[in-house]
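Observations on chain architecture
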Amino acid sequence: MGALGLLLFSLGREHSWQALGGGLVVSGASAVLGGALGFLFGVPRVRGGPGGEPQGSYVPNTNLEQVSDWLTKVLLGVGLTQLGSLGERLHQLGAALAPALGGEQGAAPFAAALVLYFLVLGFLAGWLVTRLTLPQVLSDADQALKLFLAGQDRDRRGDKVGADDLRVRAMQHLGLLGGSADRADDPARLLPSNATTGPESVLAEVRSTARRSALTSDQVRELFADGNEDRRIQALALMQGDPALADLPSVLDAIEHPRSGFEQYHALLAARGLLSRLPAAEGRRLRDAVAGRLVAADGIPYGSDRSWLAEKILSRLEAPAPLPPKVDLPLQAGPTAGPRPDRQQA
């Protein structure tokens, strides 16, 4: 509506293009100023823990929050003290901006109205965008940082599979990787009736207790061969936690013929833990299976959590390029090796 009003106003001016260009600049500047004010009013506060201390493994920088608080109070105080002279200030503002709109009759009040319209519009837009999106962005960034730090800790303890799982989840929080779309069909089926955590947490617990489990590799293989998707995923989690329980044919079956993307994701995690234990022939089987799923039309989608794991597995399984065969070059005769044929003919 503001842009339409500016266009109609400009068409009635003698210098219509000048009025339109000046009005667009004034409108844009007012909207940017209003958006900045809306951002200052909409900056969220860090939720503190017991004793007022911020929660988390680090203390967030709250300078922006403090500046927003100070500027908000200053602007409100100054605005309240200048309410009596608001009309005069708007008249002065309109008179100052009137030349940018052509300087003809009616330009001053229209300029003041234009500033007010886009200032309020920019403020509401800036406040809403900041209020609705910034807290989620900051929360996702904090959660991703925690997951990355936890992944580094797992990596230092030798748990490569758990570290990669945490890194994938961190990148999903940042929007860098897509998840397995079909894992959301019924995510609660993997949970006990009284569980309050997600299926990833349940499987992480299964993975962490695999080495202390009394199960044998044959029992884990039978658990996977049961055919039920839940049992197959639980068997894959046990294989991730203890590579001695892993069965390559079962892992390959879950990669090539998964019941869901969630199952294929955990099969790739289990394969990740087997890389250092596979002989060359089995490594080639795994490489062919993963590469086949990456290039298949109905295989692993590009940019997903599974494609990241698949590419990481392939980078470990790629055979180094063979060196070119050594070629023995004939020695060229020097000046002292004998006369040239042409010299002999001569």
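Quantities reported herein were computed from a predicted structural model and do not represent experimental measurements.

1. Side note on the overall build of the chain
Along the backbone of the chain there are 14 helices and zero strands. Starting at the N terminus and walking to the C terminus, you meet the elements of the chain as α-α-α-α-α-α-α-α-α-α-α-α-α-α. Expressed as a percentage of the 346 residues in the chain, the buried residues total 35%. Just so you have it, the chain exposes about 20900 Å², and 59% of that area is on carbon and sulfur atoms.

2. Some points on helix α10 (residues 248-256)
Three or more residues of α10 are buried, namely Leu-248, Ser-250, Val-251, Leu-252, Ala-254 and Ile-255. Against α8 (217-224), α9 (229-241), α11 (261-274) and α12 (280-295) lie the buried residues of α10.

3. Digging into a nonpolar patch on the surface
A cluster of nonpolar side chains, namely Phe-41, Val-67, Trp-70, Leu-71, Leu-75, Leu-76, Trp-127, Leu-128 and Leu-132, defines an oily patch on the protein surface of about 840 Å² accessible area. Those elements that place two or more of their residues in the nonpolar patch are α3 (63-81) and α5 (107-156). For the nonpolar patch, the leading source of residues is α3, giving five residues. If you trace the backbone, Leu-76 turns up in helix α3.

4. Examining α8
All of the buried residues in α8 are Val-220, Leu-223 and Phe-224. Buried residues along α8 cover an arc of 100° about the axis, so they all sit on one side. Where the residues of α8 are buried, they touch α9 and α10.

5. Observations regarding the environment of Ala-244
Mapping Ala-244 onto the fold places it in the loop between α9 and α10. Judged by relative accessible area, Ala-244 falls into the partly exposed class, the value being 47%. Separated by 27 residues in the primary sequence, Ala-244 and Ser-217 have C-alpha atoms spaced 7.0 Å apart.

6. Topic: the packing of α12 against helix α13 (residues 305-317)
Direction vectors running N to C along α12 and α13 enclose 145°, while the axes themselves pass 10 Å from each other. Like other packed secondary-structure pairs, α12 and α13 cross with a definite hand, here left-handed. Contacts from Gly-283, Leu-286, Arg-287, Val-290, Ala-291 and Leu-294 of α12 reach α13 at Ser-307, Ala-310, Glu-311, Ile-313, Leu-314 and Leu-317. Classifying every residue of the contact of α12 with α13 gives eight nonpolar, two polar and two charged.

7. Observations regarding the pattern of salt bridges
Pairs may arise between side chains of opposite charge once their charged atoms sit close together. What the rule picks out here adds up to 16 salt bridges. Residues Asp-226 and Arg-231 are paired through a salt bridge, measuring 3.7 Å at the closest nitrogen-oxygen approach. For Arg-232, the salt bridge is made with Glu-263, and the minimal N-O distance between the two is 2.6 Å. One end of the pair, Arg-232, is in helix α9; the other, Glu-263, is in helix α11, with 31 residues separating them in the sequence.

Rules and cut-offs
Residues numbered from 1 in each chain as written. Predicted model: local features only at pLDDT ≥ 70, side-chain atom pairs only at ≥ 80, totals over all residues. Heavy atoms only, no water. Helix = DSSP H or I, 4+ residues; strand = E, 2+ residues; numbered from the N terminus. Buried < 20%, exposed > 50% of the residue type's maximum accessible area, 1.4 Å probe, protein only. Areas by Shrake-Rupley, 256 points an atom, 1.4 Å probe, with all protein chains shown as cover. Contact = heavy atoms within 4.5 Å. Patch = residues over 30% accessible without salt bridge, like charges linked within 9 Å, V, L, I, M, F, W, Y side chains within 5 Å. Salt bridge = Lys/Arg side-chain N within 4 Å of Asp/Glu carboxyl O. Arc of directions from axis to C-beta. Axes fitted to C-alpha atoms, helices over the stretch in contact; angles between N-to-C directions. Left-handed = near helix turned anticlockwise from the far one by under 90°. Nonpolar A, V, L, I, M, F, W, Y, C, P; charged D, E, K, R; others polar.

In short, the description is geometric, and any link to function would need to be established separately.
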